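# Coordinate analysis (summary)
Each chain is listed here by its residues.
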Amino acid sequence: MTNSNETSALSISIDRLQQRLAELAAIGAIEGTEGCARLALTDEDKAGRDLVVTWMKDLGLDITIDGIGNVIAVMPGEGAPVMCGSHIDTVRTGGRYDGNLGVLAGLEIIETVQGAGVTLARPLAVGFFTDEEGARFAPDMLGSLVYVGGMALEEALDIEGIDGAFVGAELERIGYDGSAPLPGLVPHAFVELHVEQGPVLEIEGITVGAVESVQGISWTEVVVTGQSNHAGTTPMHLRHDPGFVAAACANFARELALDIGHPHVATVGRIELHPNLVNVVAASATFTVDLRNTDEQKLQESEQRFMEFLTATADAEGCTVETRTLARFEPVIFDETVVDLVEQTATSLGHSVKRMPSGAGHDAQMLARVCPTAMVFTPSVDGISHNPAEYTSPEDLEAGTNVLLHTMLALAET
Ligand code: GLV
Ligand code: MN
Ligand code: MN
């Protein structure tokens, strides 16, 4: 059993953490920026995975890879581990902190504990989960969803990406189609450190977020089909224009979010017109809508109102519509005891702390289905994320990682 005097003074090395963040960010680096592009299961993702696995091996951890490519590394020891982790895939215009911080902070914490030579009552573990972003293969949090048994492996392997590739074939291609059992090892508790990716902590001058919930997510892909025609000769009243329907829906999504009110958000992030030419009324428009709210009822209301608008607008324009759900997750409430522990740990380390919801989706929301779970947020400068300009100061990274360290040490004693 650990003597708390042995662990209370422990502190991570911010230089070592920063060094690993920089080395990982060099893979898929976006020229002229601090950011990187490692879409899930691409060659860049493979190279990032290989580097992190090398670091896990260097620390002497027991490493397993499951059929969806999740990698879990556990310190030798008895009992269910206290686990942290996140993801190392990025959006195409990613920053170096989103996801990567939660994984590399886990390595740093394990190295710190090993270096101090303390023996814990239960082991620590760190994992990275496949395709958290969902930018190439929907839904987001795919790896952690399969890890907790929320989707069958066969169904996940069959998912087709935006480039026509399949999850299963890509996993095989990059050599991360492992054989560890699914659903995966159930941790004693799970805590994910992540950058906030929003402006709240910075605006309020607070160092640590104790995340108590994640808002619900609804992603839909819409395909509108009309009549492609000559842009100069087709009178306005005779058009069946999918481009117009897509634009009207994007406009309506914003009005809807404003009408429902904060914290509702709505985004049309992808619109593709075919044939996408200056003088051709489009034949089809494919676009996505991302709706989020902390309240399930309001999320459902927004889905219904959006569909009504879409159908009515397409009908009036003489277009047809097909929709496909890409992701649908209800809001998640984290474990009160673990959230309290994060809050108390931050306070005891002398940091300002705020209980808050998460606007972004996270692997922790899936792990919450199987074990006590919470998250630690650290501020994002200007609230910017999913952008290579994403930045968190070394001081804030250090504070957040030390909060994660001491939260995990306390959980290892329970
Ligand atoms: C996933 O990371 C999301 O919140 O979009
Ligand atoms: Mn993330
Ligand atoms: Mn992200």
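Residues numbered from 1 in each chain as written. Chains lettered and ligands numbered in written order. Predicted model: local features only at pLDDT ≥ 70, side-chain atom pairs only at ≥ 80, totals over all residues. Heavy atoms only, no water.

Right, let's get into the coordination of the manganese ion (ligand 2). Coordination of the manganese ion (ligand 2) by the protein comes from His87 (NE2), Asp98 (OD) and His194 (NE2), over a distance range of 2.0 to 2.2 Å. We note that the donor set of the manganese ion (ligand 2) lies within a single chain, spaced as H-x10-D-x95-H. The manganese ion (ligand 3) is placed at 3.6 Å from the manganese ion (ligand 2), the two being bridged by Asp98. In this pair, His87 is assigned in the loop between strand S3 (82-86) and helix H4 (100-116) and His194 in strand S5 (residues 189-195), connecting sequence segments 107 residues apart. (Donors = N, O, S within 2.8 Å, 3.2 Å for Na, K, Ca; no water. Helix = DSSP H or I, 4+ residues; strand = E, 2+ residues; numbered from the N terminus.)

Attention shifts here to the coordination of the manganese ion (ligand 3). Only Asp98 (OD), Glu133 (OE), Glu133 (OE) and His386 (NE2) from the protein coordinate the manganese ion (ligand 3), and they sit 2.1 to 2.5 Å from it. In the primary sequence, the donor residues of the manganese ion (ligand 3) line up as D-x34-E-x252-H. Given a relative accessible area of 5%, Asp98 falls into the buried group. (Buried < 20%, exposed > 50% of the residue type's maximum accessible area, 1.4 Å probe, protein only.)

Before going further, it helps to spend a moment on the pattern of salt bridges. Overall, the coordinates contain 23 salt bridges when judged by the stated rule. As a salt-bridge pair, Glu272 and Arg270 come within 3.1 Å of each other at their nearest N and O atoms. Using a relative accessible area of 41% as the deciding quantity, one classes Glu272 as partly exposed. Residue classification places Arg270 among the partly exposed positions, given a relative accessible area of 22%. Each of Asp43, Arg136, Asp163, Glu170 and Arg173 takes part in salt bridges that share partners, so that together they form one network. (Salt bridge = Lys/Arg side-chain N within 4 Å of Asp/Glu carboxyl O.)

Take the pairing of S5 next. For S5, a buried count of seven out of seven residues is recorded, marking the element as mostly surrounded by other parts of the structure. Every second residue of S5 is oriented toward a common face, with Ala189, Val191, Leu193 and Val195 on one face and Phe190, Glu192 and His194 on the other, all of them buried. Relative to S5, S3 is paired through three bridges, and the arrangement is parallel. Its bridge partner lying in S5, Met83 is registered against Phe190. One ladder, built from six bridges, connects S5 with strand S16 (residues 373-378); its direction is parallel. From the neighbouring strand, Glu192 faces S16, where its bridge partner is Met375. (Pairing = 2+ DSSP bridges.)

With that settled, the discussion passes to the domain arrangement of the chain. Many authors give the size of an interface as the accessible area that is lost as the parts come together. For the chain, the assigned domains read domain 1 (4-214 + 335-412) and domain 2 (216-329). Domain 1 and domain 2 are separated by 34 Å when their C-alpha centres are compared. Between domain 1 and domain 2, the contact holds 16 residues from the first and nine residues from the second. Roughly 780 Å² of surface becomes buried between domain 1 and domain 2 when both sides are summed, with 65% attributable to carbon and sulfur atoms. Seen at the junction of domain 1 and domain 2, the total is one residue pair in polar contact (both at pLDDT 80 or more). Class assignment for the residues of the side of domain 1 that touches domain 2 results in nine nonpolar, four polar and three charged. (Domains from an automatic or database assignment. Contact = heavy atoms within 4.5 Å. Buried area = accessible area lost by both parts, 1.4 Å probe. Polar contact = N/O pair within 3.5 Å; in protein donor to acceptor, adjacent residues only side chain to side chain. Nonpolar A, V, L, I, M, F, W, Y, C, P; charged D, E, K, R; others polar.)

Cis peptide bonds are those with omega within 30 degrees of zero, and the linkage from Leu182 to Pro183 qualifies with -10°. Along the chain, Pro183 falls in the loop between helix H7 (167-174) and S5. Backbone torsion omega between His262 and Pro263 reads 10°, so that peptide bond is classified as cis. At Leu41, a residue that is not glycine, the phi angle is positive and equals roughly 70°. The class for Leu41 is buried, based on a relative accessible area of 1%. Look at His386: it is not a glycine, yet its phi comes out positive at around 50°. Note that His386 resides in the loop between S16 and helix H13 (394-412).

What follows covers the site of ligand 1. Around ligand 1, the neighbouring residues are Glu132, Glu133, Asp140, Trp219, Arg292, Ala360 and Gly361. Here Arg292 contributes a side-chain N or O atom positioned 2.8 Å from an oxygen atom of ligand 1. Gly361 places a main-chain nitrogen or oxygen 2.7 Å from an oxygen atom of ligand 1. For ligand 1, whose accessible area on its own is 200 Å², the fraction buried by protein is 93%. Within the shell around ligand 1, the residues separate by chemical class into two nonpolar, one polar and four charged. (Near = heavy atom within 4 Å. Areas by Shrake-Rupley, 256 points an atom, 1.4 Å probe, with all protein chains shown as cover.)

Glancing now at the packing of helix H2 (residues 14-25) against H4. Packed helices, taken two at a time, are described by the angle their axes make and the gap between the axes. Orientation of H2 relative to H4, taken along the N-to-C sense of each, is 140°, at an axis distance of 10 Å. The angle between H2 and H4 falls in the class oblique. Of the two possible hands of crossing, H2 and H4 adopt the one that is right-handed. Here Arg16, Leu17, Arg20, Leu21 and Leu24 of H2 lie close against H4, whose contacting residues are Asn100, Leu101, Leu104, Ala105, Leu107, Glu108, Glu111 and Thr112. (Axes fitted to C-alpha atoms, helices over the stretch in contact; angles between N-to-C directions. Parallel < 35°, antiparallel > 145°, perpendicular 65-115°, else oblique. Left-handed = near helix turned anticlockwise from the far one by under 90°.)

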